[in-house]
Amino acid sequence: MSAYAVKGTTSNQTATRLPGLDGLRALAVIAVIAFHEQLSAFPGGFLGVDVFFVLSGYLITDLLAAQWNRHGHLALRGFWARRARRLLPALGVLLVAVTAAAAVIEPAQMTALRDALLAAVTYSSNWWQALAHHSYFATFGPPPPLQHLWSLAIEEQFYLLWPLLLIVILRTCQSGRIRAALAWLGAGLSALAMVLVYVPGADPSRVYYGTDTHASALFIGSALALTWPLRRMQALSRDGARVPDAIGLAGIAVLAWAMGHFAGTDRMLYPAGLLIAGLAAGGVVVAAASPGLVSWALGRSALRWIGIRSYGIYLWHWPVIALADAAFPRQLPADWMWLPEAALSVGLAAASWRWVEEPIIRHGFRATVRGWSRMVIGSPAGAHRAPARVVPAVAVVAAVVVADRKSVV
């Protein structure tokens, strides 16, 4: 959910973000939040995750294929290191904060949360939840605050395994059409696995959580990258972008219909609905990557702002919903709860981007950590000039106190 186009190879170079793709990220995360907030107009808002999957498959495959074309090999160690730098710090902050908040708000969940934490740090949340029979579409009791990390686990597993498979494809197949066909075959095999595993009338969480059964969207994005690489789409003229625009507009219409039509328990979703959503998302991705109308519309500043922070918004929104439900049961009408929850989620994501994600992207992990250390150590000394500067030190002390309380409990 955090893949982006990158130019250059050094760790300190910043990402070249495409406005249209950021806007698509914004719409995807808004749809997911609407689903988790149980807004009646978006019963299929969970399909926003599949939009992220297609986008990740497209950008990651395009990045790797472009590197292969330039150098004749893939620097996998650097690729995986960049993925870790991009994803792990924000996730680590989330896990610490959620653990501390849950210890105070809902200590009865701490035993279950420990297992969820282990699954989160090993990026195996999807399989842990599937094997533990944690239903994604039916909630019994307090919502698990880390349940949403199943999708990040699938993406990380894809980041680990797909480059290895892609090396084999690139070495053995010189034809671009055959390379793309093999990616399309991967999408088809994943859909077939879903057909074989899915049991109509039973809880669908196993096929929804499974990497084997829910990888179609990632492969669709990969196939599109091998067919219409990013450089080719960006080089189109305005007239040349008319066809991608038409496909993208059709994709937006199909996604809007699917998100308003499918429910998580709809048997037509497995795999037909997910394939329809994945193909529609692919059409929007191709259009958003080209200099046409769809890219222009999705590249508006408000959507870009949300899209740039979409990874953090996705990370924070579900713990906010789950812990707010535990802390304030039935205190406000359900129709209004989404307002403060969404505002808090976006605020936390903005803070994560400002002080965690962007500094690490720009300056690297070590330099950023040294900056944090100086800020925390120096904040009490500067408190008499600017009282707000004491906040970092207070936050660290509060975290230590909560952790100590948790260990005693």
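Bear in mind that the values here come from a model prediction, so they are computed numbers and not experimental data. (Residues numbered from 1 in each chain as written. Predicted model: local features only at pLDDT ≥ 70, side-chain atom pairs only at ≥ 80, totals over all residues. Heavy atoms only, no water.)

## Thoughts on helix H7 (residues 176-197)
Across its 22 residues, H7 extends 32 Å between first and last C-alpha, which sits within 8% of the 32 Å expected from 1.5 Å per residue. For H7, the complete set of buried residues consists of Arg179, Ala180, Ala183, Gly186, Ala187, Ser190, Ala191, Ala193 and Met194. For H7, the angular spread of the buried residues around the axis is 155°, confining them to a single face. Within H7, the exposed residues directed more than 90 degrees away from the buried face are Arg177 and Leu196. (Helix = DSSP H or I, 4+ residues; strand = E, 2+ residues; numbered from the N terminus. Expected span 1.5 Å × (residues − 1). Buried < 20%, exposed > 50% of the residue type's maximum accessible area, 1.4 Å probe, protein only. Arc of directions from axis to C-beta.)

## A look at the confidence of the model for the protein chain
Here the protein chain averages 88 in pLDDT, and 85% of its residues register 70 or above. Note that residues 4-15 has pLDDT below 50 and, in this model, 26 contacts with residues that lie over four places away or in other chains. Contacts from residues 393-409, a stretch scored under 50 in pLDDT, to residues over four places away or in other chains number 12 contacts. (pLDDT = per-residue confidence, 0-100. Contact = heavy atoms within 4.5 Å.)

## Some points on helix H4 (residues 110-121)
Taking 1.5 Å per residue as the helical rise, H4 with its 12 residues ought to reach 16 Å, and the 16 Å between its terminal C-alpha atoms agrees with that figure. Among all positions of H4, only Met110, Leu113, Ala116, Leu117, Ala119 and Ala120 are buried. Viewed along the axis of H4, the buried residues span an arc of 165°, placing them on a single side of the element. Residues of H4 that are exposed and point more than 90 degrees away from the buried face comprise Thr111 and Leu118. Immediately downstream of H4, the backbone of Tyr123 shows phi near 50°, a positive value.

## Quick look at unusual backbone geometry
Outside of glycine, negative phi angles account for most residues, and trans bonds account for most peptide bonds. With an omega of 0°, the peptide bond running from Tyr270 to Pro271 counts as cis. The residue Pro271 is located in the loop between helix H11 (242-261) and helix H12 (272-288) in this model. Notably, Gln38 is not glycine yet its phi reads approximately 60°, a positive angle. Note on placement: Gln38 falls in the loop between helix H1 (19-36) and helix H2 (48-71). Backbone geometry at Tyr123 places phi at a positive 50°, although glycine is not the residue there. In this fold, Tyr123 is placed in the loop between H4 and helix H5 (125-131).

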